[in-house]
Amino acid sequence: MISLFSSSSSKFLRRAAAAGVQCGGRRRGVLARGGREKGKAVMDNTREVEAYMDPKATVGGGVEDAYGEDRATEEQLVTPWTFSVASGYNLLRDPHHNKGLAFTEKERDAHYLRGLLPPIVVSQELQERKLMSSLRQYKVPLQRYVAMVDLQERNERLFFKLLIDNVEELLPVVYTPTVGEACQKYGSIFRRPQGLYISLKEKGKILEVLKNWPVWSVQVIVVTDGERILGLGDLGCQGMGIPVGKLALYTALGGLRPSACLPITIDVGTNNEQLLNDEFYIGLRQRRARGQEYDDLLHEFMCAVKQQYGEKVLVQFEDFANHNAFDLLTRYSKTHLVFNDDIQGTASVVLAGLVAVLKLVGGTLADHRYLFLGAGEAGTGIAELIALEMSRQTGTPIEQNREKIWLVDSKGLIVSSRLESLQHFKKPWAHDHEPVNNLLDAVQVIKPSVLIGTSGAGKTFTQDVVETMASFNEKPVILALSNPTSQSECTAEEAYTWTKGRAIFASGSPFDPVEYEGKTFVPGQANNAYIFPGLGLGLVISGAIRVHDEMLLAASEALAQQVTQENLDKGLIYPPFKSIRKISAHIAANVAAKVYELGLATRLPRPENLVKYAESCMYTPAYRCYR
Ligand SMILES: O=C([O-])CC(=O)C(=O)O
Ligand SMILES: [Mg+2]
């Protein structure tokens, strides 16, 4: 039950009272952003803060229950916000509390809903069935995406219930591949802001902008500058779909409370001519700021984030272009709790898949040869984590292990004669070899057992390339990781057909099972969605203050442990997404254990059973009762 005067909100209310806020009064209601009975405003602005805290006793209170300190200080209360009691009409329009036809008779009486709803009372399960059936009637993926956005804006708990209960069906809708198309058309489908937009116009005022977000206890931020959205390139401000989608997964897959999640898009312009000329484009109509101007804005942002949310807020960098992604990670990993999903999250998921691959093909990580197409964030990030894990397993120096890993970029194989002209993140991969101009030749000379595509360029694993892999490997390992589906280096069908059913295949975006010569092949999805929600949960529940490579290895190890013999028998190197919440709890526990071991935890004492603890912290979307 939650009520206006629930015990866990009393601390807040005392502080609020101290700051001159009155709330509630005679009538009942749900503390909320947006109600018709406002408390007396602290200041004159009528924007309202999410003031309720999920009481421990309620169903699925989420991480906040365990660690949801009400961080509001008196100073913070003197903000542009007031808070209010949502009841009646406004309650139905408040997505955080709305239950639609599921409001009970008692709630309808208590919260002034009589007459505002048709007489029937239905269960959340029935609502879910109805919505799934109407979603399935849309044949166009983008229509399903928009329907899900509408639901999230109407009834947040129902949105997450659908996503959690139907994860395999809905992941491709709210995430890759459909989110890619949604970003391309974001200007046309934009309805309401789902996160914060910080543009060059906000320079010097970023802290104020953060304060405009109506939640104080933010635990995870996913931020992009839209320059490299999936493999689709520069989508500018319209990249917002990505942080929104990633954070929906933080909640659905990792159990972070929705209100703890903040999507942010930094808009420094775009170099995408089509968008600059598009009358529906929603971003700054200018070319990208670079150099000092860019660095200053990002620095102001990172400082403001720490000032507003403290040092335990996790900042996930997402879909930045290579030239900024590596620098930002290096610059802020010593002072902030940051990680880059494209460099580190992808690396962690691929390493887990490779550990499972070894059970199918034999040998150790160090016994294999790896060839990458693409030497950007994902390519070099994965390569480095593989080399690091080899060192951990064998005690050999990392430089020696890097020599088993080769990368091809747009100019051919990365070799030492190219060293001078290489970007810094490619240099460790410049090995001694004759120049090789293209992927096919590189496959022929390097003879890798594992071929990994991280190029962002579709259809680059041609029939020749895949057949060559199959000519010297009994079970060629082919990972086509670029997203969305249109950018995948090859399809599942091509991989299985061209290798005559011998490939071990996984891709970044989902592919349907493939029938080949009477056998069904189920491709795995090597997507960082397996890792970041559990990693984030582990960091939050331990109160981590820094991300360390060993935590990524811990996440990877936990994911690999969740691959069963039954999965392997089907050729699957990842467990199915339908058990993702259990997987995330294990990842979180392993990550948290590492955080404690490294002395980087601030949540003390350490819970004894971290898996149980992680599970107990996870948000569940069942409706709560309002007294
Ligand atoms: O979003 C995804 O599906 C995976 C990812 O991070 C990317 O491709 O940039
Ligand atoms: Mg990404």
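Residues numbered from 1 in each chain as written. Chains lettered and ligands numbered in written order. Predicted model: local features only at pLDDT ≥ 70, side-chain atom pairs only at ≥ 80, totals over all residues. Heavy atoms only, no water.

A. Region of interest: the coordination of the magnesium ion (ligand 2). The coordination sphere of the magnesium ion (ligand 2), as far as protein atoms go, consists of E318 (OE), D319 (OD) and D342 (OD), spread over 2.0 to 2.1 Å. In primary sequence terms, the donor set of the magnesium ion (ligand 2) follows E-D-x22-D. Remark: D342 occurs in helix α17 (residues 341-361) and E318 occurs in the loop between β9 (314-317) and α16 (322-332); sequence separation between them is 24 residues. Grouping residues by exposure puts E318 and D342 together as buried. (Donors = N, O, S within 2.8 Å, 3.2 Å for Na, K, Ca; no water. Helix = DSSP H or I, 4+ residues; strand = E, 2+ residues; numbered from the N terminus. Buried < 20%, exposed > 50% of the residue type's maximum accessible area, 1.4 Å probe, protein only.)

B. How the structure looks around the sheet that holds strand β16 (residues 504-507). Strands sit in the order β13-β12-β11-β14-β15-β16-β19 across an open sheet of seven strands; the sheet is mixed. What marks the edges here is a single partner per strand, and that holds for β13 (412-413) and β19 (524-525). Across four bridges, strand β15 (residues 477-480) lies against β16 in parallel orientation. The residue bridging L479 from the neighbouring strand is A506, located in β16. Contacting β11 (370-373), β12 (405-409) and β14 (450-453), helix α18 (residues 377-394) runs over the sheet at an angle of about 175° to β12. (Pairing = 2+ DSSP bridges. Contact = heavy atoms within 4.5 Å. Axes fitted to C-alpha atoms, helices over the stretch in contact; angles between N-to-C directions.)

C. Region of interest: the side chain of S509. By secondary structure assignment, the location of S509 is in the loop between β16 and β17 (514-516). Residue S509 is classed as buried on the basis of its relative accessible area, which comes to 1%. A polar contact is formed between the side chain of S509 and the side chain of N483, at a distance of 2.7 Å. Setting aside anything within four residues of it in sequence, one finds S509 in contact with T176, N483, P484, T485 and Q525. (Polar contact = N/O pair within 3.5 Å; in protein donor to acceptor, adjacent residues only side chain to side chain.)

D. Fine view of the packing of helix α8 (residues 156-165) against helix α9 (residues 167-174). Packing of α8 against α9 leaves a shortest axis separation of 6 Å and a crossing angle of 115°. Residue-level inspection shows F159, L162, L163, I164 and D165 of α8 in contact with α9, the latter providing V167, L170 and V174. Taken together, the residues of the contact of α8 with α9 break down into seven nonpolar, no polar and one charged. (Nonpolar A, V, L, I, M, F, W, Y, C, P; charged D, E, K, R; others polar.)

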